[in-house]
Amino acid sequence: MGFLSKIFGTDPESIKKRVFEGFEQHFAGDFEMTNAAKAGWLTAVGEKFGLRNQYDQAMQYFKDAIKLDSGHISAYVSLGLAYVAKGMFKEGIDILEKADILEKNIKESKIYTSFKDQPYLLHILNMNLHFSLGIAYMEVGDKEKAIDHFQKTLKAIEEQKNLKEAGSISEQDWEQNKKTMITSDETAKHLLKQLKQG
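These figures come from a predicted structure and were not determined experimentally.

A. Local environment of the overall build of the protein chain. A tally of regular secondary structure across the protein chain gives ten helices and zero strands. For the protein chain, the succession of helices and strands along the chain, N to C, is α-α-α-α-α-α-α-α-α-α. About 11,100 Å² of surface is accessible on the protein chain, with carbon and sulfur atoms providing 51% of the total.

Set out below in structure tokens:
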């Protein structure tokens, strides 16, 4: 039994079709939100493949998400992460740099409301984006850009901690992301120290 079959039953394409039809009904006539929802679903399924180290399948879902919503930052970040995980650093950098540009222009996007209402999501996205760019630039030998992106990673983590202290993050959301933040924080600090000494 395949991965999607375990989650969705025996026919993943019919499940995808039903999910997409549900989005079309829910957002009746709002094509931008419909496609954003579809892209979000495809990205989430792709991330499940990525967690299982099935990067080729994951990448296809991320690419399909980007075809539906060319501004879907999470799909770009996830695709870039998949390239980096496969050791395809230059390709990962290209995709992640596109995500960085999109993130800087996010306020122009209709989907921005989800980030505006839950600002911690944007900091998690930034952390993942800049950490991955730091790794990729380090691997291709661009020390200066690697340092810059690891510093941005640490800034995103610090902003996340500030939101927690201000009570802007629920305990559940904090706990859900805490392990990743701690690991990213420790690794970014270690790699920054290494890069600055080398």
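Read on, since the account is not over.
B. Quick look at helix 5 (residues 73-85). Look at helix 5: 18 Å from first C-alpha to last across 13 residues, which is about the 18 Å you get at 1.5 Å a residue. Counted residue by residue, helix 5 has ten buried out of 13 residues, so it is predominantly covered. Along helix 5, the positions that sit buried rather than exposed are Ile73, Ala75, Tyr76, Val77, Ser78, Leu79, Gly80, Ala82, Tyr83 and Val84. A positive backbone phi angle near 80° is found at Gly87, which sits one or two residues after helix 5.

C. Seen up close, the environment of Lys143. Its location among the elements puts Lys143 in helix 9 (residues 143-165). The exposure class of Lys143 is partly exposed, given its relative accessible area of 34%. A sequence separation of 52 residues divides Lys143 from Leu195, and the C-alpha atoms of the two residues are 6.6 Å apart. The residues touching Lys143, leaving out its near neighbours within four places in the chain, are Leu195, Lys196 and Gly198.

D. Structural view of the confidence of the model for the protein chain. Within the protein chain, residue pLDDT values average 85, and 87% of them lie at 70 or more. Mean pLDDT in the protein chain bottoms out at helix 1 (residues 3-8), which sits at 52, and peaks at helix 4 (residues 55-68), which reaches 95.

E. Just the pattern of salt bridges, in detail. Applying the stated criterion across every chain, the model contains eight salt bridges. Residue Lys86 is joined to Asp56 by a salt bridge in which the shortest nitrogen-to-oxygen separation is 2.4 Å. Here the residue Lys86 occupies a position in the loop between helix 5 and helix 6 (89-104), and Asp56 occupies one in helix 4, the gap between them amounting to 30 residues. With relative accessibility at 35%, the residue Lys86 sits in the partly exposed group. Close ionic contact of Asp185 with Lys189 constitutes a salt bridge, the shortest N to O distance being 3.2 Å. With Asp185 and Lys189 both in helix 10 (residues 171-197), this residue pair falls four residues apart, about one helical turn. Classification of Asp185 as buried rests on a relative accessible area of 12%. A relative accessible area of 45% means that Lys189 is categorised as partly exposed.

F. Region of interest: the packing of helix 5 against helix 6. For the pair helix 5 and helix 6, the least separation of the axes is 8 Å and the interaxial angle reads 160°. Between helix 5 and helix 6, the crossing angle belongs to the class labelled roughly antiparallel. Of the two possible hands of crossing, helix 5 and helix 6 adopt the one that is left-handed. Contacts between helix 5 and helix 6 involve Ile73, Tyr76, Val77, Leu79, Gly80, Leu81, Tyr83 and Val84 on the former and, on the latter, Phe89, Glu91, Gly92, Ile95, Leu96, Lys98, Ala99, Leu102 and Glu103. Its residues placed into classes, the contact of helix 5 with helix 6 shows twelve nonpolar, two polar and three charged.

G. Here's a closer look at the environment of Lys48. Positionally, Lys48 belongs in helix 3 (residues 31-51). Here Lys48 falls in the partly exposed class, since its relative accessible area comes to 43%. Put simply, Lys48 and Ala58 are ten residues apart on the chain and 7.6 Å apart in space, counted from C-alpha to C-alpha.

H. Seen up close, the packing of helix 4 against helix 5. Look at helix 4 against helix 5: their axes get within 9 Å of each other, and the N-to-C directions meet at 155°. By the angle between their axes, helix 4 is roughly antiparallel relative to helix 5. Relative to helix 5, the crossing made by helix 4 is left-handed. Taking contact as the criterion, the partners of Tyr55, Met59, Phe62, Lys63, Ala65 and Ile66 in helix 4 are, on helix 5, Ala75, Tyr76, Ser78, Leu79, Ala82, Tyr83 and Ala85. Among the residues making up the contact of helix 4 with helix 5, the classes are represented as eleven nonpolar, one polar and one charged.

Rules used throughout
- Residues numbered from 1 in each chain as written.
- Predicted model: local features only at pLDDT ≥ 70, side-chain atom pairs only at ≥ 80, totals over all residues.
- Heavy atoms only, no water.
- Helix = DSSP H or I, 4+ residues; strand = E, 2+ residues; numbered from the N terminus.
- Areas by Shrake-Rupley, 256 points an atom, 1.4 Å probe, with all protein chains shown as cover.
- Expected span 1.5 Å × (residues − 1).
- Buried < 20%, exposed > 50% of the residue type's maximum accessible area, 1.4 Å probe, protein only.
- Contact = heavy atoms within 4.5 Å.
- pLDDT = per-residue confidence, 0-100.
- Salt bridge = Lys/Arg side-chain N within 4 Å of Asp/Glu carboxyl O.
- Axes fitted to C-alpha atoms, helices over the stretch in contact; angles between N-to-C directions.
- Parallel < 35°, antiparallel > 145°, perpendicular 65-115°, else oblique.
- Left-handed = near helix turned anticlockwise from the far one by under 90°.
- Nonpolar A, V, L, I, M, F, W, Y, C, P; charged D, E, K, R; others polar.

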